[in-house]
Amino acid sequence: MENSRESVAVVSVTYNSAGLLRDLIASLGPGLEGINWHLTVADNASADDSAGEVRRLAPEARVVEMGRNAGYAAGINAAVAAAPAHTAVLVLNPDIRLRPGCGAALVANMRRTGAGIVVPRLERGDGSAIAVLRREPSVPRALGDALLGATRAGRYPLLGELVVGDEHYRQESAADWAAGSAMLIDSACWDALGPWDESFFLYSEETEYSLRARDAGFVTRLAPDALATHLEGDSKVSPRLWALLTVNRVRLFRRRNTAASTAAYWAALLLRETSRSVRGNQASRAAAASLLSRTRMRQEPGPTWGLEI
């Protein structure tokens, strides 16, 4: 029986995503069984007819054609604005496949705990677990990542941004933020916070939103009985995208911290990327170059340093 009190706006943003859409859309029925839901897709001027593919596979869906590559956050905002009335928003990357019952578990957790944001456990296509929970970015955590690696540092809360360890994913857990590839947002949270920050074209937009939600009293939680598969994108293999991700981490950190802390954070990220680039990592080489070329230090009046990107 469907829960008539809930209506979930499923939103996704496509950019040359046609090959991913059939399996995403096929997973929505079993994944959202028992829930009233509707699909809205914002297409960022795809060259592969992603918008047309949505219309063929899901004729009842709403499609927003952005007319340009407006970025991920802008696409999410446009899709939510175009969606019918709803009590929650389920943000899904095109490379997400919901497992049966995922949506009902997310909604049940949200209503029982009062969380503003709830995320499922994620697995890769080969069945291996993906750590989706994160701690707030900090200088010690950036240094821990640079010196120990994200997974090893993540075992120590003071040194790792990535939350690792089965104990965090076998039970309900709260976090400062979570990966945004599959994320249920309560409409009360959305209404209180407003839209996602479109100044982040791609990457860090979900971090900014989740931290803003936490600051406003809306908790991000993991629902361990909700499961989805994430095929994962190109950020870890594409030098251009990894560079953008890295620079956006500094941009977001600067907004929330002092100039001196931002300078230290930038230096820690630069250490991380340069140490990996000397071992032949092309994505890290691009990120280090981007940090150096697009970021410049300037001395502010007084003893502190500022960072411009």
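Look up a bit, the structure's there.
Predicted model only: the values in this text are computed from it and were never measured.

**Focus on the pairing of strand β2 (residues 35–43)**
Turning to step 1, where the next piece is worked out: For β2, the buried fraction is high: seven of the nine residues fall into the buried class.
Turning to step 2, where the next piece is worked out: Bridge count between β2 and strand β3 (residues 62–65): four bridges; the pairing is parallel. Each residue of the ladder has a partner; that of alanine 42, found in β3, is valine 64.
Turning to step 3, where the next piece is worked out: For the handedness criterion, the β-α-β arrangement of β2, helix α2 (residues 50–57) and β3 is classed as right-handed.

**Digging into the environment of leucine 39**
Turning to step 1, where the next piece is worked out: In this fold, leucine 39 is placed in strand β2.
Turning to step 2, where the next piece is worked out: Judged by its relative accessible area of 8%, leucine 39 is buried.
Turning to step 3, where the next piece is worked out: Along the chain, leucine 39 and arginine 62 lie 23 residues apart, while their C-alpha atoms are 6.4 Å from each other.
Turning to step 4, where the next piece is worked out: Beyond its immediate chain neighbours, meaning those up to four positions away, leucine 39 contacts Val10, Ile25, Leu28, Ala58, Ala61 and Arg62.

**Brief notes about a nonpolar patch on the surface**
Turning to step 1, where the next piece is worked out: The grouping of Leu143, Leu147, Leu148, Tyr156, Leu158, Leu159 and Leu271 at the surface amounts to a nonpolar patch, some 660 Å² of accessible area in total.
Turning to step 2, where the next piece is worked out: Per element, the largest residue contribution to the nonpolar patch is three residues, and it comes from helix α5 (residues 139–148).

Thresholds applied
- Residues numbered from 1 in each chain as written.
- Predicted model: local features only at pLDDT ≥ 70, side-chain atom pairs only at ≥ 80, totals over all residues.
- Heavy atoms only, no water.
- Buried < 20%, exposed > 50% of the residue type's maximum accessible area, 1.4 Å probe, protein only.
- Helix = DSSP H or I, 4+ residues; strand = E, 2+ residues; numbered from the N terminus.
- Pairing = 2+ DSSP bridges.
- Right-handed = clockwise from strand over helix to strand, strands pointing away.
- Contact = heavy atoms within 4.5 Å.
- Patch = residues over 30% accessible without salt bridge, like charges linked within 9 Å, V, L, I, M, F, W, Y side chains within 5 Å.
- Areas by Shrake-Rupley, 256 points an atom, 1.4 Å probe, with all protein chains shown as cover.
- Salt bridge = Lys/Arg side-chain N within 4 Å of Asp/Glu carboxyl O.

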